[in-house]
Amino acid sequence: MHETDFRQQSAHPLFAFGDTIHPDNAAALNAVLSGEGGRKKQVVDQLWGRVSDSLVLLGSPTSEGLSRLVFGYQEAPNRADCLLKGGLASSLPFSWNLDGTQIKARAKRWVSGISQPTERPNWSIQGSQNRRWYPDLRGDDFLKTDYLLITKIPNILVDEDRGSGHFIVSIGGAHGTGTRSIERVLSNRSVLRKIVDELNIDPENPASWPDAYQILLRVGKIEHDAQSGSRPKDVEYVDSRRISESSDWWNTWRKSLAPAMAKLRSESESGTEKSS
């Protein structure tokens, strides 16, 4: 049985408090761990960790550092609130639109532990033919809905032989409210049944699960509370796609990440030496 590590390296500009996990991502972590029957898993909080295992990345590229690398997002020089995407990940059925310079609307929500509402560009999910799903906002600009994107791909962070059988699962909302909605997804049988049907999966046959897929969900009935944060109470299925690419395609993606991973590994090892 392969080991699974859960990972969240805080890269969020409004919540980069050292090793402190973002509250919305922490809520997602607790939900997934509960779904695993409460079994304790290792939580990796460094840019270079046990990447040879299977990984669950908690949060979109706005808040999770390794997700930026995997899905090809980079900060635009001298442009605030702007992550530009590139590479093979851009051809996936769904991705996050995180270019704040192209988004006029601002979305508000409460985050537990922060004394005032956070306000960010109203990030969206982008599909094929440039279709975009924007969260709905109330009259006071607080989130009325949000979106959650779940992506499973082979572990492309390691050599092909080492990564055989291992995977990466990304759980990331347009905003953090969407990320924490994974709890609602895992407890909603009708949504889970819809996902299984649309992806043509036989729950009794593990071999029927695709090696790579994406699932898009909409969350709503968001309760905004200054102490506990903005929490969704409802979730609904939007779309899903199997990802059927050749081994050469995945290996090309893998090779494109190798230089960045080598650099991160070197920086991590250098930091470890300095602290020892």
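See the structure above.
Cut-offs and rules
Residues numbered from 1 in each chain as written. Predicted model: local features only at pLDDT ≥ 70, side-chain atom pairs only at ≥ 80, totals over all residues. Heavy atoms only, no water. Helix = DSSP H or I, 4+ residues; strand = E, 2+ residues; numbered from the N terminus. Buried < 20%, exposed > 50% of the residue type's maximum accessible area, 1.4 Å probe, protein only. Contact = heavy atoms within 4.5 Å. Areas by Shrake-Rupley, 256 points an atom, 1.4 Å probe, with all protein chains shown as cover. Pairing = 2+ DSSP bridges. Polar contact = N/O pair within 3.5 Å; in protein donor to acceptor, adjacent residues only side chain to side chain. Phe/Tyr/Trp six-rings, centres within 6.5 Å; stacked < 30°, edge-to-face > 60°.

Visitor: Describe in detail the overall build of the protein, supporting the description with residues and values.
Guide: Helix and strand content of the protein: six helices and 16 strands. Going through the 276 residues of the protein one by one, you find that 50% of them count as buried. Taking the contacts inside the protein whose residues are at least 6 apart along the sequence as the reference set, 65% of them involve residues at least 24 apart. When the accessible area of the protein is evaluated, it comes to approximately 13700 Å², of which 45% is carbon and sulfur surface.

Visitor: Can you tell me about the environment of Lys144, naming the residues and giving the values?
Guide: Turning to its location among the elements, Lys144 is positioned in the loop between strand E10 (132–133) and strand E11 (146–154). For Lys144 and Gly220, which are 76 residues apart along the polypeptide, the C-alpha to C-alpha distance reads 6.3 Å. Ignoring any residue separated from it by four or fewer positions in sequence, one finds Lys144 in contact with Asp136, Leu137, Arg138, Val219, Gly220, Lys221 and Ile222.

Visitor: Describe the sheet that holds E10, naming the residues involved and giving the relevant values.
Guide: Spatial strand order, E6-E9-E10: three strands in an open sheet with antiparallel pairing. The open sheet has two edge strands, strand E6 (95–97) and E10, and neither has a second partner. Of the pairings in the sheet, the one linking E6 to strand E9 (residues 124–126) comprises three bridges and is antiparallel in character. For Ser95, the partnering residue across the bridge sits in E9 and is Gln126.

Visitor: So what's going on with the side chain of Glu64? Residues and values would help.
Guide: Looking at where Glu64 falls in the secondary structure, it is placed in the loop between strand E3 (54–58) and helix H2 (65–70). Judged by its relative accessible area of 0%, Glu64 is buried. Reaching out from Glu64, the side chain makes a polar contact with the backbone nitrogen of Leu66 at a distance of 3.1 Å.

Visitor: How would you summarise the packing of aromatic side chains if you had to cite specific residues and measurements?
Guide: Scanning all chains against the criterion turns up seven aromatic pairs. Both rings, one in Trp209 and one in Tyr213, keep their centres 6.1 Å apart while their planes meet at 45°; by these two values the pair is tilted. Exposure remark for Trp209: the relative accessible area of 35% places this residue in the partly exposed category. Between Trp250 and Trp253 the ring centres are 5.7 Å apart and the planes differ by 15°, which places this aromatic pair in the stacked class. Placement of both Trp250 and Trp253 in helix H6 (residues 247–275) is noted, with a separation of three residues, approximately one turn of the helix. Here Trp250 matches Trp253 in class, with each residue buried. Three or more aromatic residues joined by ring pairs make a cluster, and in this case those are Phe71, Tyr73 and Trp96.

Visitor: So what about unusual backbone geometry? Which residues, and what values?
Guide: Unlike most non-glycine residues, Asn130 shows phi in positive territory, near 65°. Mapped onto the secondary structure, Asn130 falls in the loop between E9 and E10. With phi around 75°, Asp141 is a residue other than glycine that occupies positive phi space. Relative to the helices and strands, Asp141 resides in the loop between E10 and E11. On the accessibility criterion, Asp141 (34% relative accessible area) is partly exposed.

Visitor: If you had to explain the environment of Leu84 to someone new, which residues and values would you point to?
Guide: With respect to the element layout, Leu84 can be found in strand E5 (residues 83–85). With 12 residues separating them along the chain, Leu84 and Gly72 place their C-alpha atoms 8.0 Å apart. Once residues lying within four places of it in the same chain are set aside, the contact partners of Leu84 are Gly72, Tyr73, Gln74, Ala76, Arg79 and Asp99.

Visitor: Now, about the environment of Pro117: what can you tell me, with residues and values included?
Guide: Its location among the elements puts Pro117 in the loop between strand E7 (106–109) and strand E8 (118–121). Through-space distance from the C-alpha of Pro117 to that of Gly229 is 9.0 Å; in sequence the pair is 112 residues apart. For Pro117, the residues in contact, after removing those within four places along its chain, are Arg109, Trp110 and Phe142.

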